[in-house]
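# Results of the structural survey
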Amino acid sequence: MTPLSADRQARIVIIGGGAIGTSVAYHLARAGEADVLLLEKSQITNGCTWHAAGLVGQLRGKRNLTRLMQNSVSVFDRLEAEAGAQIDWRKVGSLRLAASPERWSEIRRSMSQAKSFGVECEALSAEEAKRLFPYIDIQGVEGAAFIPDDGYIDPYALTQAYAKAARAAGAVIEEGVTVTGICVDGRRATAVVTDHGNIACEIVVNCAGLWAKRVGEMAGVPLAAGVVEHQYFLTEKTLDFDKSLTTLRDPDKNFYLKPDTGAFAIGGWEEGTRACWRARPPLEFGRELFAPSMDRLELFALPATERLPVLNEVGIQTVINGPIPVSADGEPIMGLAPELDNFFVACGFTAGIAASGGAGQAMANWILQGDPGMDLWAFDARRFGKLHSQSRYLDARAIEAYAAYYKIHWPGEEATAGRGLRRSPLYDRLQAAGAVFGSKFGWERPNWFAPPGTEPVDVSSFEGKPNWFTAVGAECDAIRNRVALIDQASFSKFEVTGPGAHAALDRIAANRVPDKPGRAVYTQLCNEHGGIEADLTIVHIRQDYFVIVTGSGFAVRDRNWIERSLPGDSSIRLRDVTTQWTTLNLCGPKARDVLQSVTDDDVGNAALPFLSAAEIEVGNARVLAVRIGYVGELGWELYIPQEFAGHVYETLWQAGTGHGIANAGYRALEACRLEKGYLYWSSDIGPEVNPYEAGLGFCVALDKPDFIGRQALQRISKANRQRRLVTFSMNDFAPLHGGEPVTRNGKLLGYVSSAGYGYAVGHTIAFALLPADCEPTGQYEVEAFGKTYAATMTPRCLYDPRMERLKA
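My aim in this report is to walk through the structure given alongside it, one point at a time. Keep in mind that what you see is a predicted model, and the values were worked out from it rather than measured.

### What to know about the overall build of the protein
Along the backbone of the protein there are 17 helices and 37 strands. For 808 residues, the compact-globule estimate of 2.2 N^0.38 gives 28 Å, and the protein sits close to it at 27 Å. In terms of overall dimensions, the protein has a C-alpha envelope of 85 × 65 × 50 Å along the principal axes. When burial is assessed residue by residue, the protein has 62% of its 808 residues classed as buried. Partitioning the intrachain contacts of the protein with sequence separation of at least 6 by distance along the chain shows that 73% fall at a separation of at least 24. Summing over all exposed atoms, the protein offers an accessible surface of approximately 30,000 Å²; the carbon and sulfur share of this is 48%. Charged side chains of the protein number 82 positive and 95 negative; the gap between the two group centres comes to 3 Å.

Shown next as structure tokens:
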């Protein structure tokens, strides 16, 4: 909507009066922000907050996500006194049952992570679990986990308390005001249009819950915020139990339970829920429910009676079937929208009550300080692109994410909904060759190749070796000893062109950007604190023409960071060219023999040394050959116009037949990068880690006159390190997947950031960020699945440490 005259003004306008919106208002006002206006189209809580169950669970799969939930509990602990209002916060703990060996493995993995995350968690036998919750039948129960600081809360009372505390601190909350439009001028939202007049503003915060996608579209911001039906039922109030009775989750029976007054509230995450309104509810929808779906209710109600025989003796008093938000991956959507410079989002919360305190705190930090106070990449709005907000795709993904809530989450599992959307030109060839595809940012990518006679499907394992273990080993053998082709079409690619492009990129990058064409550089993009915001490659192709290459899932985030860092009034142009070029990685000791046989250009080491880039002919096509890669072998990333990709692949394959050429997938890539000591942004490094801690000081050019983060990195380079990223070698195969605690002599030191089996070295490798004063010698331990595995600290690079093969 174009700019128009305003009737009044507020510095920060929050749209939506549920638990999240009121928490954001409360935390902003509590931090001293004097001009906060919250608009609610109906009444506080009237979207989906009012019919939420109110369970509070802290443990999540990532450290900072767990911290967010822990922060919520801290807020709940103080809010009653601060607001002067009851919130019925019952810290009675949570009991999670495991009714299969696989589930017990998953829960024991979570308990190991809990130790590294600082969450108190107890492993219980079936009999001990029954003492905590006497109503359960323990038949088939393998074990249980108990978290004493979890519990449940009254969603309505909590939200009203947030609102009361926000008002007391100076925020204004207006009910019965419907937002109908948002005015945008350039990259800024300038005013909110309502049925009660137009409000000029400096910042807009979209906390509209069920309506978040509609509100985003008013500002031209696509959001992957879906809406689906969710049911739970309340039993008759005939039960007699102590108020300290814990909450219960039985994911194998697919239900959760919250004690109520003389009753149980029981819900589940069944298959076949219904997506609602293409995620665009009518604005007039308010405090309403849908008719119950008894067929779907039975999918968790009947299993619940097996675990809780008492349910056969009490009736159902009420069935609640209401809409709830579910994003395209089941996680919340938070942060600054990449399309605008002042439009924040906090939506898509399936567990919004439990997350509300920590989310409101993080959002207030983000809005006022430009940083949430922790790395929240797994929730960041920039993990999604426009494709994720497409209506049918979003519905399919939201329905799948909903039904997966209590399913076993296997290591490396892949979504199945919305697949096949983006395909490399080589897709059909690779599928015929046995490719087992995964998905990243909508792209189909070969994870591994099933040998003839092997079914091309994933069979994962928590504590053992997955079905693809041997096949990936064979692919690694081809990379290390012969030659392989890896389809990297999904890698995100951007052109940066125009006068001043070199100077602009040199100011953004920590490393020195090549000033002459024909060279590439590996670099980090750092923030003003020295934290790593991006990890990528910049290629100087010709005068005022550069190509940036980054990970498939980081396209929106990295582009957003670069755009915000470029000079605002320059003629520099940034353009996404991901779909114009296929990237094919030719790697291995025989790679040069294969490439030289199909080109008249000289690809010898003198002509094309490491980190060089040149246009060459391959067969009858012209490609950009960049001497770089992620596996640590002699090789080239070949950037090929899409229409020539099939021809180039076939030409290289035919030329490589005599050298034992093979296809390789992303799981082989992962194994090789671990052996080489290469890091992965979002696991090993991120905004909270600086290059010196990560062993990437060689990528920081402090002799440059200026670049973003230079002042902080200059100071860090001279100071004593507080932490450092280290490599551990296990004795053999160890079932590590990331997040496991690292200890020495019983003392917790840190946690594993990423891990996997190194086929060339013959054992599992793990990276971990530890205190800098940890001794390099002696024995360390990594805990996984209730067992302790001996770990030896080793040099970062375990394969070709002198880079002789890489630079051959």
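We are not done yet, so read on.
### Quick notes on the environment of P101
Tracing the chain through its elements places P101 in helix α3 (residues 101-117). As for P101 and R296, which are separated by 195 residues in sequence, their C-alpha atoms are 27 Å apart.

### Thoughts on the sheet that holds strand β5 (residues 122-124)
Backbone hydrogen bonds are what pair the strands of a sheet, in a parallel or an antiparallel way. Reading across the sheet, the eight strands line up as β5-β6-β4-β13-β14-β15-β12-β16 and stay open at both edges, with mixed pairing between neighbours. Whereas interior strands pair on both sides, the edge strands pair on one side only; in this sheet they are β5 and β16 (316-327). Each adjacent strand pair in this sheet contributes to an overall mean axis angle of 20°, direction not counted. Examined bridge by bridge, strand β14 (residues 255-260) and strand β15 (residues 263-268) share six bridges and lie antiparallel to one another. Following the sheet pairing, L257 is matched in β15 by I266. Lying on the sheet, helix α7 (residues 294-307) is in contact with β4 (94-98), β12 (225-235), β13 (247-250), β14, β15 and β16; it crosses β12 at an angle near 45°. Taken strand by strand, helix α9 (residues 391-403) contacts β12, β15 and β16, and its axis lies near 35° from that of β12.

### Topic: the nonpolar core
In terms of nonpolar packing, the biggest core is built from 53 residues, with I14, V24, L79, V205 and M334 touching the most fellow members. In terms of residue count, helix α8 (residues 352-369) provides more of this core than any other element does, nine residues in total. Counting 41 residues, the second-largest nonpolar core is a separate cluster that includes L210, W211, V227 and A279.

### What to know about the packing of aromatic side chains
Inspection of the entire model under this criterion finds 33 aromatic pairs. Note on F241 and F264: the rings are 5.3 Å apart at their centroids and 20° apart in plane angle, and the pair reads as stacked. Residue F241 is found in the loop between β12 and β13, and its partner F264 is found in strand β15; the two are separated by 23 residues along the sequence. Among the aromatic residues, those joined into a cluster by ring pairs are Y256, W269, Y402, Y405 and Y406.

### Observations concerning the sheet that holds strand β22 (residues 492-497)
Read across the sheet, five strands follow the order β23-β24-β25-β22-β26 without closing on themselves; strand pairing throughout is antiparallel. Where the open sheet ends on each side, the last strands, each with one partner, are β23 (519-526) and β26 (573-576). When strand polarity is set aside, the average angle formed by the axes of neighbouring strands in this sheet is 25°. Packing of helix α12 (residues 501-508) onto the sheet brings it into contact with β22, β23, β24 (532-542) and β25 (545-550), and relative to β25 it is tilted by some 30°. Helix-sheet contacts for helix α13 (residues 555-565) involve β22, β23, β24, β25 and β26, and the interaxial angle to β24 is about 75°.

### Remarks on the pattern of salt bridges
One pass over the full model with this rule turns up 44 salt bridges. Between K704 and D506 there is a salt bridge, and its shortest N-O distance comes to 3.3 Å. Within this pair, whereas K704 is found in the loop between α16 (666-676) and α17 (710-718), its partner D506 is found in helix α12, the two being separated by 198 residues in sequence. The partner of R805 in a salt bridge is E633, and the shortest N-O contact between them spans 3.3 Å. On the criterion of sequence distance, the pair formed by R805 in the segment after β37 (787-794) and E633 in the loop between β29 (621-626) and β30 (635-641) is long-range, its members being 172 residues apart. Taken together, the shared-partner salt bridges in this structure form one network comprising E229, E270, R274 and R296.

### Section: helix α2 (residues 63-83)
With 21 residues, α2 should reach 30 Å at 1.5 Å per residue; the first-to-last C-alpha distance of 30 Å fits that figure. Along α2, the sharpest change in direction is near 35° and occurs at D77. Those residues of α2 that fall on the buried side of the exposure criterion are N64, L65, T66, L68, M69, Q70, S72, V73, V75, F76, L79 and A83. Residues of α2 that are buried sit in contact with α1 (19-30), β3 (55-56), α3, α5 (155-168) and α8.

### Describing unusual backbone geometry
A positive phi is found at F441, a non-glycine position, where the angle reads about 55°. Within the secondary structure, F441 sits in the loop between β19 (435-440) and β20 (443-449). Positive phi, normally seen in glycine, also occurs at L611, with a value near 70°. In this fold, L611 is placed in the loop between α14 (591-596) and β28 (613-618).

Analysis parameters
All residue numbers here refer to positions counted from 1 along the written sequence of the relevant chain. Per-residue local features are limited, in this predicted model, to residues with pLDDT of at least 70; the limit for side-chain atom pairs, both in listing and counting, is 80 or more; totals at the level of whole chains, interfaces and linings are taken over all residues. The basis for the side-chain values is all heavy atoms of the structure; hydrogens and waters are excluded. Helical segments are the DSSP runs of H or I of at least four residues, strand segments are the runs of E of at least two, and each set is numbered from the N terminus. In this treatment the radius of gyration is a C-alpha quantity, and the globule benchmark scales as 2.2 Å times the residue count to the 0.38 power. With a 1.4 Å probe rolled over the protein chains alone, any residue whose accessible area is under 20% of its type maximum counts as buried; one over 50% counts as exposed, and the rest are partly exposed. Contacts were defined at the residue level, with two residues in contact if any of their heavy atoms lie within 4.5 Å. Shrake-Rupley sampling with a 1.4 Å probe provides the accessible areas, and residues are treated as covered by the protein chains on show and by no other component. Just so you know, the count uses Lys and Arg for positive and Asp and Glu for negative, and it drops His and the chain ends. For this purpose, a charge sits on NZ of Lys, CZ of Arg, CG of Asp or CD of Glu. Strand pairing is assigned whenever DSSP detects at least two bridges linking the two strands. To get an axis, a line is fitted to the C-alpha atoms, and for a helix only the part in contact is used. The angle between two axes follows their N-to-C directions and goes from 0 to 180 degrees. We call a set of buried residues a nonpolar core when its members are Ala, Val, Leu, Ile, Met, Phe, Trp, Tyr or Cys and they connect through side-chain atoms within 4.5 Å of each other. When two rings of Phe, Tyr or Trp (its six-membered ring) have centres within 6.5 Å they constitute a pair, described as stacked for plane angles under 30 degrees, edge-to-face for angles over 60, and tilted for the intermediate range. Think of a salt bridge as a Lys or Arg side-chain nitrogen and an Asp or Glu carboxyl oxygen that are within 4 Å of each other. Expected helix span is taken as 1.5 Å per residue step, with the number of steps being one fewer than the number of residues. Bending is quantified residue by residue as the angle between axes fitted to the seven-residue window ending at that residue and the seven-residue window starting at it.

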